[in-house]
Amino acid sequence: MSENTKKILQMLSEGKITVDEANKLLGALGNEGEKPGSIATATPKGSPKYLRVIINGTDEDKNAKVNVRVPMALLRAGIKLASILPADATNEIDHNLKGKGVNFDFKNLREEDIEPLIEAMTEMEVDVDSEGSKVKVFTE
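Fair warning: this is a prediction, and the values are worked out from it, not measured in the lab. (Residues numbered from 1 in each chain as written. Predicted model: local features only at pLDDT ≥ 70, side-chain atom pairs only at ≥ 80, totals over all residues. Heavy atoms only, no water.)

### Structural notes on the sheet that holds strand β4 (residues 133-139)
Now for step 1: Read across the sheet, four strands follow the order β2-β1-β4-β3 without closing on themselves; strand pairing throughout is antiparallel. Both edges of this open sheet fall to β2 (65-71) and β3 (125-130), since each of them pairs with a single strand only. The sheet shows a mean angle of 5 degrees between the axes of neighbouring strands, taken without regard to direction.
Now for step 2: Of the pairings in the sheet, the one linking β3 to β4 comprises six bridges and is antiparallel in character. Note on β4: the bridge partner recorded for Asp129 is Lys134. (Pairing = 2+ DSSP bridges. Helix = DSSP H or I, 4+ residues; strand = E, 2+ residues; numbered from the N terminus. Axes fitted to C-alpha atoms, helices over the stretch in contact; angles between N-to-C directions.)

### Quick look at a nonpolar patch on the surface
Now for step 1: Taken together, the side chains of Ile55, Val66 and Val68 define a hydrophobic patch exposed on the protein surface, amounting to about 180 Å² of accessible area.
Now for step 2: With respect to the element layout, Val66 can be found in strand β2.
Now for step 3: Overall, Val66 belongs to the partly exposed group, its relative accessible area being 37%. (Patch = residues over 30% accessible without salt bridge, like charges linked within 9 Å, V, L, I, M, F, W, Y side chains within 5 Å. Areas by Shrake-Rupley, 256 points an atom, 1.4 Å probe, with all protein chains shown as cover. Salt bridge = Lys/Arg side-chain N within 4 Å of Asp/Glu carboxyl O. Buried < 20%, exposed > 50% of the residue type's maximum accessible area, 1.4 Å probe, protein only.)

### Brief notes about the nonpolar core
Now for step 1: In terms of nonpolar packing, the biggest core is built from 18 residues, with Ile8 and Leu51 touching the most fellow members.
Now for step 2: Those elements that place two or more of their residues in this core are α1 (3-13), α2 (19-32), α4 (72-82) and α6 (114-121).
Now for step 3: Among the elements that take part in this core, α4 stands out by supplying four residues, more than any other.
Now for step 4: Taken domain by domain, the makeup of this core includes at least three residues from each of domain 1 (1-33) and domain 2 (50-139).
Now for step 5: In contact with Ile8, not counting residues within four places along its chain, are Ile17, Ala22, Leu25, Leu26 and Leu29. (Core = buried A, V, L, I, M, F, W, Y, C linked by side-chain atoms within 4.5 Å. Domains from an automatic or database assignment. Contact = heavy atoms within 4.5 Å.)

### A word on α1
Quick reminder: α-helices carry 3.6 residues per turn. Residues three or four places apart thus point the same way.
Now for step 1: All of the buried residues in α1 are Thr5, Ile8, Leu9 and Leu12. Along the long axis of α1, the arc covered by the buried residues comes to 95 degrees, so they all point the same way.
Now for step 2: Directly beyond the C-terminal end of α1, a positive phi value near 80 degrees is found at Gly15. (Arc of directions from axis to C-beta.)

### Let's talk about the side chain of Arg52
Now for step 1: Take Arg52: it is sitting in strand β1 (residues 50-56).
Now for step 2: Judged by relative accessible area, which is 13%, Arg52 ranks as buried.
Now for step 3: A distance of 3.0 Å separates the side chain of Arg52 from the side chain of Glu140, its partner in a polar contact.
Now for step 4: Setting aside residues up to four positions removed in sequence, Arg52 forms contacts with Asn67, Val68, Arg69, Lys136, Val137, Phe138 and Glu140. (Polar contact = N/O pair within 3.5 Å; in protein donor to acceptor, adjacent residues only side chain to side chain.)

### Section: the packing of aromatic side chains
Describing an aromatic ring pair means giving the distance of the ring centres and the angle of the ring planes.
Now for step 1: The tally for this structure, following the rule as stated, stands at zero aromatic pairs.
Now for step 2: Directly above the aromatic system of Tyr50 lies the positively charged group of Arg69, at a separation of 3.8 Å from the ring centroid.
Now for step 3: The ring of Phe138 has Lys136 sitting right over it, with the charged end atom 5.4 Å from the ring centre. (Phe/Tyr/Trp six-rings, centres within 6.5 Å; stacked < 30°, edge-to-face > 60°. Lys NZ or Arg CZ within 6 Å of the ring centre and 35° of its normal.)

### Re the pattern of salt bridges
Now for step 1: A complete count under the given rule lists three salt bridges for this structure.
Now for step 2: Ionic pairing is found between Glu140 and Arg52, a salt bridge with its closest N-O pair at 3.0 Å. On the criterion of sequence distance, the pair formed by Glu140 in the segment after β4 and Arg52 in strand β1 is long-range, its members being 88 residues apart.
Now for step 3: Using a relative accessible area of 36% as the deciding quantity, one classes Glu140 as partly exposed.

Right, here's the structure in full:
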């Protein structure tokens, strides 16, 4: 991972830039040194570029809306960054996830698991209609 990519991800984690800004910066970095066979060109055609979460408010608050579009490149980078976290940090993450009812073994997530995970997400679509509010999670 380049030093510029690390700086962009650091600014994102500190809240200095938005996800869209980080995506644009990472895209610009990818175009600068792109060579045939690079990650950007090796991505299978038709693979999703974004994870979308859309929430429309309840009947009482029709103005409450959330529309989040997370670049898959950011998810890939996050998984790669996770591989360099210290063991005590991953243990703490796993412990907190289990405390919230999420049985996920963060410390065993490997870089080679990224593409199968993202490919599996292409089939994922979650729609929830509940008391006037609607939630939709999908890839595009």
